[in-house]
Amino acid sequence: MGQKNNRASFILIITLLLSLNLGFCQTTAQEVPLQNILTHLQSKHNVLFNYAEDIIKKIKLIPPEEDSSLELALSYLQENTGLFFVAIGDFILIKEQEQSSKILCGFIRDKENLLPLSNATVQSRSSSTITNDEGFFQVEVDSENELITIRHLGFKTMSRPFQAFFTETCSDIYLLAQNQSLDEVVISNYLVRGLNKISNGSLQIDIENFEILPGLVEADVLQTIQAMPGIQSINETVSNINIRGGTHDENLILWDNIKMYQSGHFFGLISMYNPQITKKVTLIKNGSDVVYTDGVSGTIAMSSDQNLNLKFKGNIGVDLINANGFVDVPIGNNSSVQIAARKSISEFLKTPTYNNYFDRISQDSEVETGTTNVINSDKSFDFYDTSLRWLYKISDNDFLRLNFINVSNELLFNENAEVDNDPVSRRSSLTQNSIAGSIFYNRIWNDDWQTTFEIYETDYKLKAINVNILDEQRFLQENVVSETSAKAYTTYKLNENLQLKGGYHFVETEVTNLDDVDVPVFRLLVSEVVRTHGFFSQASYVTNDRSGHINAGFRYTYIDKFQKSIIEPRLSFTQEFLDDFTLEVQGEFKHQNTSQVINFQNDFLGIEKRRWQLSNDDSIPIIQSKQISAGLNYDADGLLVSVEGYFKNVDGITTQSQGFQNQYEFIKSSGNYEVLGVDLLLRKRVDRFNAWASYSYMDNTYNFESLPEKSFPSNFNITHALTLGTTYVFNNLKVGAGLNWHSGKPSTNLVQGNEIVNDELNYRPTNSSTLNDYLRVDISAIYDFQLSRNTKANIGVSIWNVLDKENIINSFYKIKNDNVSQTDQGSLGITPNAVIRIYFN
């Protein structure tokens, strides 16, 4: 029944879309506004008209013949409107035929990466304008000697007379960054369009220009990075991302430089970071910049748009999980504010997608099973997030940014039973919340020197109330993290080849854990605080031909509570050679003082079992890592071949942080793991087709000296992983399909025929077996269309696990009534999603 409803919904959406487009295509003999004709031609021929509103707003005429070519349609319009239509590539400039003033038009681009610069201000003596999303502008000029000034936040102001520009056509005009980074794009469209590899070894995702990935209707930030080689989620969630065999708590997750302790909604099934306000994502697997601390396995740095917007824009959208909206509102000429909000629609409609998600997170938990003679009812889940970013250009050299984010997840259900023949109902709940804010200030002293100051406060709270009706007991658990950070640093460019960076970073982290039982009365409250002082320095060098890049530096950290000093060198090196080849070498030492542990599998209702804790430099060591990697890339004629090998050692992990559900589940021990791996990527782009194949090999081994088995495979040792994907783009339609396969997760089986010994489970050697291989096929499609000159829309559909493959992602054993009980936890089954979004400019 659910699949029939999904198909019906999809057919309805497609029918609505076709009716919208066909409505514009009907030929009419009546005069219509010129703007309506231009909107139709834009959609039909995939071009964009640029014009001043006042020169077309009063013009009406009979539309050109529907079967006319673009050239014939423009000739017809020019003949019947008295306007000039000048075709420049995919742009068509409209201007009046007789003008006493001159017109300057062009495309403003970043000199470094050639990308268009929107919202740049172009000013002549008598008029001014701002560039659109493609960097295009046109402005009236009275004389050839008139001075034209072009400004954009973060770029050097250009002032030159009109005659100095190439005025025959709308040509490209390049602006230089006020303090150019020496890092550059070395491989564009690394996997798909909008994903680039940078000279420091990191990968950057441009959300606005991101093409499409199989199984996603929108660029879910933390789902997207899992398409990269070496990045997996052992249980297909965004709250358990494993970078090169590490645990999720070993990842440094930043949103506009604020450290976040929560990753997802639906307790990890979707990212909590709204893609409408998150414009860029940087993934660093090795060779981190010295400004970063924490994250011994990797860094995921998200950022909002850093460009000042001088015109209103926004969008609203809804999918089968949530409804959301986004606005970017200019405040005067020097300020703009972005606001994004998102909320689940489960209060109004429980879709098949919602039901699949709810079943997935609640399996083998207090929500699903309850206890004997207790029935759970009135189950509900709700989430929302709000994000704000305010930019203020104090002057050409002073820039201020404020950020705020608030995220909430709430799960509720009633536990019902009969007590002394009377019906009793009590409510259990689980909430997960994050709230954070930051201030960022940048001062550009001159073309070579700038300073930056950042401060943030981030707070995280996980709270569960678990009622036991039969025992008349209430169990309250809380895990709270509160962190304050202040950072100041300066960068100085000695010359075009060499840049220096140095600064100071203070962090105070407090973690509080509460366990509170009312009957019998028991209360355990533990609060710990760690303060660190960090000093860092780095040199960045680029060769004269910009084929070689190197970043080298170190970070010194003093932890006052332990009176301990840690020195961490960092290195990233890239060299291009023979035109099409690139050699990469990265290395780093890192540490972190926080980790997530599982005390009991039924903590926090058994849904989000992990709680944050601080190191005590004894039974909970400081986690420290050492990593080195080297890679070779070949990129030519649409073909990319990339291979990278790495070795990583992470010391100071505990058994509680690794999620054991075998004989070591309640054993407390510390040790390390070592990973040796290779990541391989092949990508080929031909015209509108793009296809890729990525393969990862990993040998991930634990070492715990105090355990009976001192060395054995890691719980996160996915030995082989393969991803195949393809995308196709035709005009406004984008489609994608992909396959994800990996070898099974390590597992510890029982000794057959002798499963229980001395009332305890009798296990075989730890992680000597694996679960069945994981296989998932996903598809997705997105169609863009124009509603009017300033309004566009898109619709999208996706199907996750289109083959409905039953993948087992976890398996463990318990003793129940003197018998062995095996629990298998499954992945998401076939899960459709659909979205419609309308954009306003």
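Residues numbered from 1 in each chain as written. Predicted model: local features only at pLDDT ≥ 70, side-chain atom pairs only at ≥ 80, totals over all residues. Heavy atoms only, no water.

### Examining helix α3 (residues 70–81)
Part 1 of the argument: If you check α3, its first and last C-alpha atoms are 16 Å apart, about what 12 residues at 1.5 Å a residue would give, namely 16 Å.
Part 2 of the argument: Residues Leu-70, Ala-73, Leu-74, Leu-77 and Thr-81 constitute the buried set of α3. Projected onto a plane normal to the axis of α3, the buried residues spread over an arc of 95° and lie on a single side. α3 presents Glu-71, Leu-72 and Glu-79 as exposed residues on the side facing more than 90 degrees away from its buried surface.
Part 3 of the argument: Immediately downstream of α3, the backbone of Gly-82 shows phi near 75°, a positive value. (Helix = DSSP H or I, 4+ residues; strand = E, 2+ residues; numbered from the N terminus. Expected span 1.5 Å × (residues − 1). Buried < 20%, exposed > 50% of the residue type's maximum accessible area, 1.4 Å probe, protein only. Arc of directions from axis to C-beta.)

### Re empty space enclosed by the protein
Part 1 of the argument: Within this structure, the stated rule accounts for 14 cavities of 30 Å³ or more.
Part 2 of the argument: Its boundaries defined by the atoms lining it, the largest cavity holds a volume of some 720 Å³.
Part 3 of the argument: What lines the largest cavity is a set of 34 residues, and nearest its centre among them are Asn-235, Asn-240, Ile-607, Lys-609 and Arg-610.
Part 4 of the argument: Of the residues in the lining of the largest cavity, the class split is 9 nonpolar, 18 polar and 7 charged. (1 Å grid on protein atoms, 1.4 Å probe; cavity = no way out; pocket = protein on both sides within 12 Å on 5 of 7 lines; lining within 4 Å. Points joined across faces, edges and corners; volume = space filled by probe spheres on them. Nonpolar A, V, L, I, M, F, W, Y, C, P; charged D, E, K, R; others polar.)

### Considering a nonpolar patch on the surface
Part 1 of the argument: Nonpolar side chains collect at one region of the surface, where Phe-577, Leu-578, Leu-583, Leu-632, Val-643, Val-678, Leu-680, Leu-682 and Tyr-697 lie side by side and expose about 690 Å² of accessible area between them.
Part 2 of the argument: Of all the elements, strand β41 (residues 670–686) adds the most residues to the nonpolar patch, at 3 residues.
Part 3 of the argument: Considering the arrangement of structural elements, one finds Leu-583 in strand β36 (residues 581–592). (Patch = residues over 30% accessible without salt bridge, like charges linked within 9 Å, V, L, I, M, F, W, Y side chains within 5 Å. Areas by Shrake-Rupley, 256 points an atom, 1.4 Å probe, with all protein chains shown as cover. Salt bridge = Lys/Arg side-chain N within 4 Å of Asp/Glu carboxyl O.)

### Details of the confidence of the model for the chain
Part 1 of the argument: Residues of the chain with pLDDT of at least 70 account for 94%, and the chain-wide mean is 89.
Part 2 of the argument: Between the elements of the chain, mean pLDDT differs from a low of 44, seen in helix α1 (residues 2–25), to a high of 98, seen in strand β19 (residues 258–259).
Part 3 of the argument: Scored below 50 in pLDDT, residues 1–5 makes 1 contact in the model with residues more than four places away or belonging to other chains.
Part 4 of the argument: This stretch, residues 7–28, has a pLDDT under 50; its non-local contacts, to residues over four places away or in other chains, come to 19 contacts. (pLDDT = per-residue confidence, 0-100. Contact = heavy atoms within 4.5 Å.)

### Structural notes on the sheet that holds strand β10 (residues 147–151)
Part 1 of the argument: Read from one edge to the other, the open sheet built from 4 strands follows the order β8-β7-β10-β11, with strand pairing classed as antiparallel. Every other strand in the sheet has two partners, leaving β8 (128–130) and β11 (158–161) as the edge strands with one partner each. On average, adjacent strands in this sheet sit at an angle of 15° to one another, irrespective of strand direction.
Part 2 of the argument: Across 4 bridges, β10 lies against β11 in antiparallel orientation. By the bridge assignment, Ile-148 is partnered in β11 with Arg-160. (Pairing = 2+ DSSP bridges. Axes fitted to C-alpha atoms, helices over the stretch in contact; angles between N-to-C directions.)

### Details of the packing of aromatic side chains
Part 1 of the argument: Under the defined criterion, the tally for this structure stands at 29 aromatic pairs.
Part 2 of the argument: Plain terms: the ring middles of Phe-600 and Phe-666 are 6.0 Å apart, the flat faces sit at 45° to each other, and that makes the pair tilted. Pair noted here: Phe-600 is in the loop between β37 (594–597) and β38 (611–614) and Phe-666 is in the loop between β40 (639–654) and β41, with a separation of 66 residues, a long-range link.
Part 3 of the argument: Residues Phe-704 and Phe-712 carry aromatic rings whose centres are separated by 6.3 Å and whose planes lie at 20° to one another, so their mutual orientation is stacked.
Part 4 of the argument: We classify Phe-704 as buried; its relative accessible area is 0%.
Part 5 of the argument: Clustering of aromatic rings is evident, with ring pairs tying together Phe-266, Phe-267, Tyr-354, Tyr-357, Phe-358, Phe-381 and Phe-383. (Phe/Tyr/Trp six-rings, centres within 6.5 Å; stacked < 30°, edge-to-face > 60°.)

### Some words on the pairing of β37
Part 1 of the argument: Judged by which residues are buried, β37 turns out to be covered on both faces: Thr-594 and Gln-596 on one side and Ser-595 and Val-597 on the other are all buried.
Part 2 of the argument: When β37 meets β38, the two strands line up antiparallel, connected through 4 bridges. Within β38, the position partnered with Thr-594 by the bridge is Leu-614.

### Examining a negative patch on the surface
Part 1 of the argument: A surface patch of negative charge is lined by Glu-418, Asp-420, Asp-422, Asp-471 and Glu-472.
Part 2 of the argument: Among the structural elements, Glu-472 can be located in the loop between β30 (449–468) and β31 (473–493). (Lys, Arg positive; Asp, Glu negative; His and termini not counted. Charge placed at Lys NZ, Arg CZ, Asp CG, Glu CD.)

### Observations concerning the environment of Met-228
Part 1 of the argument: Along the chain, the position of Met-228 falls in the loop between α4 (221–224) and β16 (231–233).
Part 2 of the argument: On the basis of relative accessibility, which here comes to 3%, the residue Met-228 falls in the buried class.
Part 3 of the argument: Distance in space between the C-alpha atoms of Met-228 and Leu-283 is 9.4 Å, their sequence separation being 55 residues.
Part 4 of the argument: Setting aside its immediate chain neighbours within four residues, Met-228 contacts Leu-195, Leu-203, Ile-205 and Leu-283.

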